[in-house]
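What follows is the residue order along each chain.
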Amino acid sequence: MSLSAVLLAAGPSPSPTPSESTTPAVPSLQDAQESATNAASWVEQNWSTWLAIGLRVLLILVIAGVLRIFVRRAITKLIDRMTRTVQAVDGTALGGLLVNVERRRQRSQAIGSVMRSVASFLILGTAALMILGTFQINLAPLLASAGVAGVAIGFGARNLVTDFLSGVFMILEDQYGVGDQIDSGVASGEVIEVGLRVTKLRGDNGEIWYVRNGEIKRIGNLSQGWATAGVDVTVKASEDLDKVKATLDEVAEKMTAEEPWNELLWSPIEVLGLDSVLLDSMVVRVTAKTMPGKSLSVERELRWRIKRAFDAADIRIVGGATAPLEDSETPDPTAAVAAPSVYANADSPQAAAASPIVQQRPSTPAK
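These lines cover the structure that appears in this document, whether it is placed above or below. Owing to the predicted nature of the structure, the values given are computational and were not obtained by experimental measurement. (Residues numbered from 1 in each chain as written. Predicted model: local features only at pLDDT ≥ 70, side-chain atom pairs only at ≥ 80, totals over all residues. Heavy atoms only, no water.)

### What to know about the sheet that holds strand E7 (residues 270-277)
- Read from one edge to the other, the open sheet built from three strands follows the order E6-E8-E7, with strand pairing classed as antiparallel. Across the chains shown, the open sheet's two edge strands, defined by having one partner strand only, are strand E6 (227-236) and E7. Across this sheet, the average inter-strand angle for adjacent strands is 25 degrees, counted without regard to direction. (Pairing = 2+ DSSP bridges. Helix = DSSP H or I, 4+ residues; strand = E, 2+ residues; numbered from the N terminus. Axes fitted to C-alpha atoms, helices over the stretch in contact; angles between N-to-C directions.)

### Some points on the sheet that holds strand E5 (residues 220-221)
- Pairing is antiparallel across the open sheet formed by five strands, whose spatial order is E4-E3-E2-E1-E5. The open sheet has two edge strands, strand E4 (208-212) and E5, and neither has a second partner.
- Judged from the two bridges that link them, strand E1 (residues 181-183) and E5 form a sheet pairing that is antiparallel. Paired with aspartate 183 across the bridge in E5 is glycine 220.

### With respect to the packing of helix H7 (residues 241-257) against helix H9 (residues 295-312)
- Where H7 contacts H9, the two axes come as close as 10 Å, and the packing angle between them is 130 degrees. Judged by the inter-axis angle, H7 sits oblique to H9. Our pair here, H7 against H9, has a crossing hand that is right-handed. Contacts between H7 and H9 involve Val244, Thr247, Leu248, Val251 and Met255 from the first element and Val298, Glu301, Leu302, Arg305, Ile306, Ala309 and Phe310 from the second.
- Counted by class, the contact of H7 with H9 contains nine nonpolar, one polar and two charged residues. (Parallel < 35°, antiparallel > 145°, perpendicular 65-115°, else oblique. Left-handed = near helix turned anticlockwise from the far one by under 90°. Contact = heavy atoms within 4.5 Å. Nonpolar A, V, L, I, M, F, W, Y, C, P; charged D, E, K, R; others polar.)

### Let's talk about H7
- The end-to-end C-alpha separation of H7 is 24 Å, in line with the 24 Å expected for 17 residues at 1.5 Å each.
- Elements in contact with the buried residues of H7: helix H8 (261-264), E7, strand E8 (281-290) and H9.
- A side-chain oxygen of the first residue of H7 lies 3.3 Å from the backbone nitrogen of aspartate 242; this N-cap is aspartate 240. (Expected span 1.5 Å × (residues − 1). Polar contact = N/O pair within 3.5 Å; in protein donor to acceptor, adjacent residues only side chain to side chain.)

As C-alpha coordinates, this is what we get:
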(Lines give C-alpha, C1' and ligand atoms only; values in the text may rest on other atoms or scores of the structure.)
Protein backbone atom coordinates (compact mmCIF):
# COMPACT_ATOMS: atom_id res chain seq x y z
CA MET A 1 0.00 0.00 0.00
CA SER A 2 1.38 3.37 -0.97
CA LEU A 3 1.80 6.37 1.34
CA SER A 4 -0.92 8.35 -0.43
CA ALA A 5 -3.39 5.61 0.16
CA VAL A 6 -2.58 5.62 3.87
CA LEU A 7 -3.06 9.40 4.12
CA LEU A 8 -6.35 9.25 2.30
CA ALA A 9 -7.53 6.55 4.67
CA ALA A 10 -6.57 8.61 7.73
CA GLY A 11 -8.79 11.48 6.62
CA PRO A 12 -8.13 15.11 6.04
CA SER A 13 -5.33 16.61 8.06
CA PRO A 14 -6.16 19.54 10.43
CA SER A 15 -5.37 22.98 9.23
CA PRO A 16 -2.28 24.45 10.89
CA THR A 17 -3.53 27.99 10.65
CA PRO A 18 -4.05 29.61 14.10
CA SER A 19 -6.93 31.74 12.89
CA GLU A 20 -9.31 28.82 13.04
CA SER A 21 -10.92 28.11 16.53
CA THR A 22 -12.88 25.16 17.72
CA THR A 23 -16.47 25.98 18.72
CA PRO A 24 -17.66 24.50 22.09
CA ALA A 25 -20.02 21.64 21.82
CA VAL A 26 -23.56 22.66 22.69
CA PRO A 27 -25.23 20.10 24.99
CA SER A 28 -28.06 18.51 23.29
CA LEU A 29 -31.48 17.88 24.69
CA GLN A 30 -30.52 14.31 25.30
CA ASP A 31 -27.53 15.36 27.47
CA ALA A 32 -29.69 17.67 29.58
CA GLN A 33 -32.27 14.98 30.03
CA GLU A 34 -29.57 12.56 31.11
CA SER A 35 -28.14 15.03 33.68
CA ALA A 36 -31.59 15.71 35.12
CA THR A 37 -32.23 12.01 35.35
CA ASN A 38 -28.96 11.48 37.23
CA ALA A 39 -29.70 14.33 39.67
CA ALA A 40 -33.20 13.07 40.31
CA SER A 41 -31.94 9.59 40.92
CA TRP A 42 -29.27 10.93 43.35
CA VAL A 43 -31.88 12.98 45.25
CA GLU A 44 -34.20 9.98 45.29
CA GLN A 45 -31.48 7.84 46.74
CA ASN A 46 -30.43 10.33 49.47
CA TRP A 47 -33.60 12.21 50.42
CA SER A 48 -34.42 9.77 53.16
CA THR A 49 -31.01 10.32 54.73
CA TRP A 50 -31.40 14.08 54.57
CA LEU A 51 -34.84 13.92 56.04
CA ALA A 52 -33.64 11.70 58.88
CA ILE A 53 -30.76 14.06 59.66
CA GLY A 54 -33.02 17.12 59.55
CA LEU A 55 -35.62 15.51 61.79
CA ARG A 56 -32.92 14.42 64.20
CA VAL A 57 -31.43 17.93 64.38
CA LEU A 58 -34.89 19.44 64.82
CA LEU A 59 -35.68 16.96 67.57
CA ILE A 60 -32.42 17.75 69.38
CA LEU A 61 -33.10 21.49 69.22
CA VAL A 62 -36.68 21.11 70.43
CA ILE A 63 -35.67 18.87 73.33
CA ALA A 64 -32.80 21.21 74.30
CA GLY A 65 -35.04 24.28 74.18
CA VAL A 66 -37.83 22.67 76.20
CA LEU A 67 -35.36 21.26 78.74
CA ARG A 68 -33.63 24.63 79.09
CA ILE A 69 -36.92 26.45 79.71
CA PHE A 70 -38.03 23.82 82.21
CA VAL A 71 -34.74 23.89 84.13
CA ARG A 72 -34.62 27.70 84.24
CA ARG A 73 -38.18 27.89 85.56
CA ALA A 74 -37.43 25.23 88.16
CA ILE A 75 -34.37 27.17 89.32
CA THR A 76 -36.38 30.40 89.51
CA LYS A 77 -39.09 28.74 91.61
CA LEU A 78 -36.46 27.18 93.87
CA ILE A 79 -34.75 30.54 94.45
CA ASP A 80 -38.09 32.22 95.16
CA ARG A 81 -38.96 29.53 97.66
CA MET A 82 -35.59 29.92 99.37
CA THR A 83 -36.20 33.65 99.61
CA ARG A 84 -39.68 33.29 101.09
CA THR A 85 -38.84 30.59 103.60
CA VAL A 86 -36.11 32.32 105.61
CA GLN A 87 -36.41 31.00 109.14
CA ALA A 88 -35.61 33.01 112.25
CA VAL A 89 -32.60 32.08 114.35
CA ASP A 90 -33.35 30.64 117.81
CA GLY A 91 -36.97 31.73 117.51
CA THR A 92 -36.11 35.45 117.58
CA ALA A 93 -36.15 38.22 115.02
CA LEU A 94 -32.43 37.70 114.48
CA GLY A 95 -32.93 35.80 111.25
CA GLY A 96 -34.87 38.64 109.69
CA LEU A 97 -32.10 41.05 110.63
CA LEU A 98 -29.38 38.80 109.28
CA VAL A 99 -31.03 38.52 105.88
CA ASN A 100 -32.96 41.67 105.08
CA VAL A 101 -35.06 42.26 101.99
CA GLU A 102 -32.32 43.78 99.85
CA ARG A 103 -29.84 41.15 100.92
CA ARG A 104 -32.20 38.26 100.16
CA ARG A 105 -33.05 39.77 96.79
CA GLN A 106 -29.45 40.29 95.72
CA ARG A 107 -28.33 36.92 97.01
CA SER A 108 -31.16 35.09 95.25
CA GLN A 109 -30.48 36.94 92.01
CA ALA A 110 -26.80 36.06 92.12
CA ILE A 111 -27.41 32.39 92.91
CA GLY A 112 -30.17 32.12 90.31
CA SER A 113 -28.02 33.78 87.66
CA VAL A 114 -25.14 31.39 88.27
CA MET A 115 -27.33 28.29 88.28
CA ARG A 116 -29.23 29.35 85.15
CA SER A 117 -26.00 30.11 83.30
CA VAL A 118 -24.49 26.75 84.21
CA ALA A 119 -27.64 24.89 83.22
CA SER A 120 -27.90 26.70 79.87
CA PHE A 121 -24.22 26.04 79.11
CA LEU A 122 -24.53 22.33 79.83
CA ILE A 123 -27.76 21.85 77.89
CA LEU A 124 -26.82 23.88 74.82
CA GLY A 125 -23.28 22.51 74.75
CA THR A 126 -24.53 18.94 74.83
CA ALA A 127 -27.06 19.72 72.10
CA ALA A 128 -24.34 21.24 69.89
CA LEU A 129 -22.15 18.16 70.26
CA MET A 130 -25.07 15.87 69.44
CA ILE A 131 -25.86 17.89 66.29
CA LEU A 132 -22.24 17.66 65.12
CA GLY A 133 -22.33 13.94 65.77
CA THR A 134 -25.49 13.67 63.66
CA PHE A 135 -23.57 15.02 60.66
CA GLN A 136 -20.92 12.35 61.29
CA ILE A 137 -18.25 14.87 62.18
CA ASN A 138 -15.31 13.48 64.13
CA LEU A 139 -15.50 15.20 67.53
CA ALA A 140 -12.20 13.91 68.89
CA PRO A 141 -10.00 16.68 67.35
CA LEU A 142 -12.60 19.30 68.27
CA LEU A 143 -12.75 18.18 71.90
CA ALA A 144 -8.97 17.99 72.10
CA SER A 145 -8.62 21.53 70.73
CA ALA A 146 -11.30 22.81 73.07
CA GLY A 147 -9.52 21.17 76.00
CA VAL A 148 -6.18 22.75 75.11
CA ALA A 149 -7.83 26.15 74.56
CA GLY A 150 -9.68 25.85 77.87
CA VAL A 151 -6.45 25.05 79.73
CA ALA A 152 -4.69 28.01 78.09
CA ILE A 153 -7.53 30.41 78.85
CA GLY A 154 -7.84 29.13 82.40
CA PHE A 155 -4.10 29.51 83.00
CA GLY A 156 -4.11 33.06 81.64
CA ALA A 157 -7.26 34.07 83.54
CA ARG A 158 -6.61 32.17 86.76
CA ASN A 159 -7.12 35.30 88.89
CA LEU A 160 -10.48 35.90 87.23
CA VAL A 161 -11.51 32.29 87.81
CA THR A 162 -10.39 32.53 91.44
CA ASP A 163 -12.41 35.70 91.98
CA PHE A 164 -15.47 34.16 90.36
CA LEU A 165 -15.35 30.92 92.38
CA SER A 166 -14.70 32.82 95.62
CA GLY A 167 -17.67 35.08 94.91
CA VAL A 168 -19.93 32.11 94.23
CA PHE A 169 -19.04 30.41 97.52
CA MET A 170 -19.33 33.67 99.48
CA ILE A 171 -22.86 34.16 98.20
CA LEU A 172 -23.87 30.52 98.65
CA GLU A 173 -22.53 30.42 102.22
CA ASP A 174 -24.08 33.83 103.03
CA GLN A 175 -20.85 35.14 104.53
CA TYR A 176 -22.01 38.76 104.17
CA GLY A 177 -24.59 40.82 102.33
CA VAL A 178 -25.71 44.33 101.49
CA GLY A 179 -25.77 46.56 104.56
CA ASP A 180 -23.32 44.48 106.63
CA GLN A 181 -20.32 46.01 108.33
CA ILE A 182 -17.35 43.78 107.50
CA ASP A 183 -13.58 43.74 107.88
CA SER A 184 -12.09 41.95 104.88
CA GLY A 185 -8.47 42.45 105.86
CA VAL A 186 -7.59 44.64 102.88
CA ALA A 187 -10.47 47.06 103.56
CA SER A 188 -13.34 47.55 105.97
CA GLY A 189 -16.69 49.29 105.75
CA GLU A 190 -20.33 48.81 104.83
CA VAL A 191 -21.16 46.43 102.00
CA ILE A 192 -23.08 48.27 99.28
CA GLU A 193 -22.84 45.66 96.50
CA VAL A 194 -21.91 41.99 96.31
CA GLY A 195 -20.79 40.69 92.91
CA LEU A 196 -19.39 37.44 91.63
CA ARG A 197 -15.99 39.04 91.04
CA VAL A 198 -15.82 42.24 93.11
CA THR A 199 -17.29 43.32 96.46
CA LYS A 200 -17.96 47.05 96.87
CA LEU A 201 -17.48 48.60 100.32
CA ARG A 202 -18.05 52.12 101.65
CA GLY A 203 -15.47 53.14 104.22
CA ASP A 204 -15.93 55.24 107.34
CA ASN A 205 -14.81 58.40 105.52
CA GLY A 206 -17.16 57.84 102.57
CA GLU A 207 -14.62 56.26 100.23
CA ILE A 208 -15.65 53.27 98.11
CA TRP A 209 -13.44 50.18 98.09
CA TYR A 210 -13.52 47.68 95.24
CA VAL A 211 -12.20 44.43 96.68
CA ARG A 212 -11.62 41.39 94.49
CA ASN A 213 -13.20 38.32 96.02
CA GLY A 214 -10.09 36.24 95.39
CA GLU A 215 -8.02 38.60 97.59
CA ILE A 216 -10.27 38.19 100.63
CA LYS A 217 -8.60 35.66 102.92
CA ARG A 218 -10.68 36.37 106.01
CA ILE A 219 -13.93 38.17 106.72
CA GLY A 220 -15.06 39.67 110.00
CA ASN A 221 -18.80 40.36 109.84
CA LEU A 222 -19.87 42.90 112.44
CA SER A 223 -23.56 42.71 111.50
CA GLN A 224 -24.32 39.04 112.07
CA GLY A 225 -25.48 37.73 115.41
CA TRP A 226 -25.30 40.49 117.98
CA ALA A 227 -22.97 43.28 119.03
CA THR A 228 -21.58 44.11 122.46
CA ALA A 229 -21.74 47.55 124.05
CA GLY A 230 -19.17 47.98 126.81
CA VAL A 231 -18.52 51.00 129.04
CA ASP A 232 -15.67 51.27 131.54
CA VAL A 233 -16.48 53.57 134.46
CA THR A 234 -13.39 54.78 136.34
CA VAL A 235 -14.06 56.12 139.85
CA LYS A 236 -11.98 57.04 142.86
CA ALA A 237 -10.67 54.18 144.95
CA SER A 238 -12.32 55.69 148.02
CA GLU A 239 -15.87 55.47 146.60
CA ASP A 240 -18.45 53.12 148.10
CA LEU A 241 -18.79 50.13 145.74
CA ASP A 242 -22.34 49.36 146.85
CA LYS A 243 -23.39 52.91 146.08
CA VAL A 244 -21.68 52.79 142.68
CA LYS A 245 -23.34 49.48 141.80
CA ALA A 246 -26.76 50.65 142.95
CA THR A 247 -26.46 53.81 140.81
CA LEU A 248 -25.41 51.80 137.75
CA ASP A 249 -28.23 49.30 138.25
CA GLU A 250 -30.74 52.13 138.40
CA VAL A 251 -29.39 53.63 135.17
CA ALA A 252 -29.50 50.24 133.46
CA GLU A 253 -33.06 49.52 134.57
CA LYS A 254 -34.37 52.89 133.35
CA MET A 255 -32.58 52.71 130.03
CA THR A 256 -33.77 49.17 129.33
CA ALA A 257 -37.41 50.18 129.82
CA GLU A 258 -37.35 53.30 127.63
CA GLU A 259 -37.81 53.54 123.87
CA PRO A 260 -36.08 53.12 121.48
CA TRP A 261 -33.41 51.51 123.64
CA ASN A 262 -35.67 48.62 124.61
CA GLU A 263 -35.58 47.49 120.96
CA LEU A 264 -31.85 48.06 120.48
CA LEU A 265 -30.94 46.20 123.67
CA TRP A 266 -31.17 42.43 123.24
CA SER A 267 -30.21 41.65 126.83
CA PRO A 268 -30.36 43.53 130.13
CA ILE A 269 -27.52 45.89 130.90
CA GLU A 270 -25.23 44.10 133.32
CA VAL A 271 -22.74 45.47 135.83
CA LEU A 272 -19.98 42.89 135.61
CA GLY A 273 -18.04 44.26 138.58
CA LEU A 274 -14.53 45.56 139.05
CA ASP A 275 -12.41 45.22 135.96
CA SER A 276 -9.26 46.57 137.58
CA VAL A 277 -8.18 48.13 140.89
CA LEU A 278 -5.32 50.62 141.06
CA LEU A 279 -3.79 52.69 143.82
CA ASP A 280 -6.03 55.72 143.34
CA SER A 281 -8.81 54.43 141.07
CA MET A 282 -10.92 51.44 140.13
CA VAL A 283 -12.71 50.49 136.91
CA VAL A 284 -16.26 49.11 136.85
CA ARG A 285 -17.30 47.27 133.68
CA VAL A 286 -20.83 47.68 132.30
CA THR A 287 -21.91 45.68 129.22
CA ALA A 288 -24.97 44.66 127.19
CA LYS A 289 -25.87 42.80 123.98
CA THR A 290 -27.28 45.06 121.29
CA MET A 291 -28.66 44.92 117.80
CA PRO A 292 -25.88 44.52 115.21
CA GLY A 293 -24.37 47.85 114.30
CA LYS A 294 -25.99 49.71 117.24
CA SER A 295 -23.36 49.20 119.91
CA LEU A 296 -21.81 52.66 119.53
CA SER A 297 -25.18 54.38 119.93
CA VAL A 298 -25.93 52.39 123.07
CA GLU A 299 -22.50 53.14 124.53
CA ARG A 300 -22.86 56.89 123.97
CA GLU A 301 -26.30 56.98 125.60
CA LEU A 302 -25.11 54.81 128.48
CA ARG A 303 -22.14 57.12 129.19
CA TRP A 304 -24.47 60.13 129.12
CA ARG A 305 -26.86 58.59 131.66
CA ILE A 306 -24.05 57.35 133.92
CA LYS A 307 -22.46 60.79 134.03
CA ARG A 308 -25.71 62.47 135.03
CA ALA A 309 -26.48 59.79 137.61
CA PHE A 310 -23.03 60.10 139.17
CA ASP A 311 -23.39 63.86 139.35
CA ALA A 312 -26.66 63.44 141.22
CA ALA A 313 -25.18 60.82 143.56
CA ASP A 314 -21.97 62.80 144.30
CA ILE A 315 -19.74 60.04 142.92
CA ARG A 316 -16.34 61.19 141.77
CA ILE A 317 -14.86 60.10 138.47
CA VAL A 318 -11.15 59.99 137.85
CA GLY A 319 -10.05 62.89 135.68
CA GLY A 320 -12.21 65.54 137.31
CA ALA A 321 -14.70 66.04 140.10
CA THR A 322 -18.27 65.40 138.97
CA ALA A 323 -19.75 66.71 142.22
CA PRO A 324 -18.80 69.55 144.57
CA LEU A 325 -16.17 68.52 147.10
CA GLU A 326 -17.27 68.80 150.74
CA ASP A 327 -13.76 69.27 152.13
CA SER A 328 -12.78 71.90 149.65
CA GLU A 329 -11.48 75.18 151.04
CA THR A 330 -10.95 78.65 149.61
CA PRO A 331 -7.66 78.55 147.78
CA ASP A 332 -4.83 80.64 149.21
CA PRO A 333 -4.11 83.56 146.84
CA THR A 334 -0.43 83.46 147.86
CA ALA A 335 -0.07 79.79 147.00
CA ALA A 336 0.98 80.59 143.48
CA VAL A 337 3.55 83.15 144.65
CA ALA A 338 7.13 81.93 144.78
CA ALA A 339 8.93 81.90 148.12
CA PRO A 340 11.32 84.79 148.81
CA SER A 341 14.90 84.11 147.87
CA VAL A 342 18.08 85.29 149.51
CA TYR A 343 19.30 86.29 146.09
CA ALA A 344 16.60 88.97 145.98
CA ASN A 345 18.56 90.97 148.58
CA ALA A 346 21.58 92.59 146.93
CA ASP A 347 23.37 92.94 150.31
CA SER A 348 23.12 89.25 151.21
CA PRO A 349 26.31 87.12 151.25
CA GLN A 350 24.75 84.78 148.65
CA ALA A 351 24.14 87.65 146.25
CA ALA A 352 27.65 88.98 146.86
CA ALA A 353 29.16 85.55 146.17
CA ALA A 354 27.18 85.27 142.95
CA SER A 355 28.12 88.78 141.75
CA PRO A 356 31.02 89.06 139.30
CA ILE A 357 34.32 90.38 140.57
CA VAL A 358 34.97 93.85 139.24
CA GLN A 359 38.64 94.48 138.41
CA GLN A 360 39.86 97.82 139.71
CA ARG A 361 42.00 99.96 137.42
CA PRO A 362 45.30 101.29 138.84
CA SER A 363 45.14 104.92 139.71
CA THR A 364 47.40 107.28 137.75
CA PRO A 365 49.52 109.83 139.65
CA ALA A 366 48.46 113.37 139.30
CA LYS A 367 50.73 115.62 137.40
